[in-house]
Amino acid sequence: MKITGTFIDEISHDIPHQNWGKKEWDVDFGHMKAIGIDTVIMIRSGYRKFITYPSSYLIKAHDCYEPPIDLVELFLKLSDKYGMKFYFGLYDSGKQWDSGSMNKEIESNRYVIDEVWAKYGHYKSFSGWYLSMEISRRTAGAILAISSLGKQCKEVSGNLPTLISPWIDGKKSVPASENTLTKKDFISVKDHEKEWDEIFDGIRGAVDAVAFQDGHIDYDQLPEFFMVNKKLADKYGYQSWTNAESFDRDMPIKFLPIKFEKLKLKLNAAAKAGYDKAITFEFSHFMSPQSAYLQAVHLFNRYKEYVAKK
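Residues numbered from 1 in each chain as written. Predicted model: local features only at pLDDT ≥ 70, side-chain atom pairs only at ≥ 80, totals over all residues. Heavy atoms only, no water.

Enquirer: Got a sec to walk through the packing of aromatic side chains? Specific residues and values, please.
Expert: Summed over all chains, the structure comprises 31 aromatic pairs. Seen from their ring centres, Phe86 and Phe126 are 6.2 Å apart, and the 75 degrees between their planes marks the pair as edge-to-face. Note that Phe86 is positioned in strand E5 (residues 85-89) and Phe126 in strand E7 (residues 126-130), a separation of 40 residues in sequence. As far as the burial class goes, Phe86 and Phe126 line up, both buried. Seen from their ring centres, Phe247 and Phe286 are 5.5 Å apart, and the 40 degrees between their planes marks the pair as tilted. (Phe/Tyr/Trp six-rings, centres within 6.5 Å; stacked < 30°, edge-to-face > 60°. Helix = DSSP H or I, 4+ residues; strand = E, 2+ residues; numbered from the N terminus. Buried < 20%, exposed > 50% of the residue type's maximum accessible area, 1.4 Å probe, protein only.)

Here it is as structure tokens:
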């Protein structure tokens, strides 16, 4: 299964910034295009006080810093140039991580959605929305937040598609800030199916595609979880994407480019489950020939060899 989409992680809190400018981003879009990537997803338009575009609302209401460059405009222009689809990721206030509730995200993003569509909706490559509220289980207010914001995105943009990328509460779903790599209490396949059956039912009409993150479970668990995810997506009419993480969760250093063998296992499992599309988190740090991580160019080369054999 080929990777045809990638997140762009420009606003992050646990991965080092690469300090790229227009020239470096242009080169990177060229590398993406060369391996068949046709979709770029800005993972979030802001996190707490750092934002990707000069949002009048966020600067005033959340005391956000005015960015030195309008990255949303840059990414849209590059997407136009390289013939890619661009998905806009919503704002993350950080309050959900502090309180465990999604309710605050509704208030801030309802203004962001209108502001962004008015400012950037004319770009040809503006093709969809990414609802950046990452969830795993019954997070307080998650169904309401995803449902209301997803429907608003679709209403203002003429029904452009929406995407979510939840994680599976597996043995490797530990916070990046912790020293441990695994935990003892994690979800069973049965409970995962039961809980996501409820969530999928609650967000109908607001979401078009679901791309579960694939790095929180063991490699031998991939087939069973992937089949359940596909079955549920088919039941409720969602597209089945996979978020093939290109960083390694098994290493004590967080986070480094993944061993190619592991990425191949995950892509093959997604193919066998009949998934519609594979995206990755994320090309620029972990697969790009110009990444700050030296291992990334080798992963890029191994992936090109893998694709060439298909």
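Enquirer: Pulling in residues and values, what's your account of the sheet that holds strand E10 (residues 239-243)?
Expert: Judged by pairing direction, the barrel is parallel, and its 8 strands sit side by side in the order E1-E2-E5-E7-E8-E9-E10-E13 before closing back on the first. Recorded for the sheet is a direction-independent mean angle of 30 degrees between the axes of neighbouring strands. Pairing geometry for E7 and strand E8 (residues 162-164), over 2 bridges, is parallel. Across the sheet, Trp129 pairs through a bridge with Thr162, a residue of E8. Contacting E7 and E8, helix H6 (residues 142-156) runs over the sheet at an angle of about 155 degrees to E8. (Pairing = 2+ DSSP bridges. Axes fitted to C-alpha atoms, helices over the stretch in contact; angles between N-to-C directions. Contact = heavy atoms within 4.5 Å.)

Enquirer: Residue-level account of the environment of Ile135, with values.
Expert: With respect to the helices, strands and loops of the structure, Ile135 is situated in the loop between E7 and H6. In this structure, the C-alpha to C-alpha distance between Ile135 and Ala308, residues 173 residues apart in sequence, is 35 Å. In contact with Ile135, not counting residues within four places along its chain, are Met102, Ala142, Ile146, Pro166, Trp167, Trp196 and Ile199.

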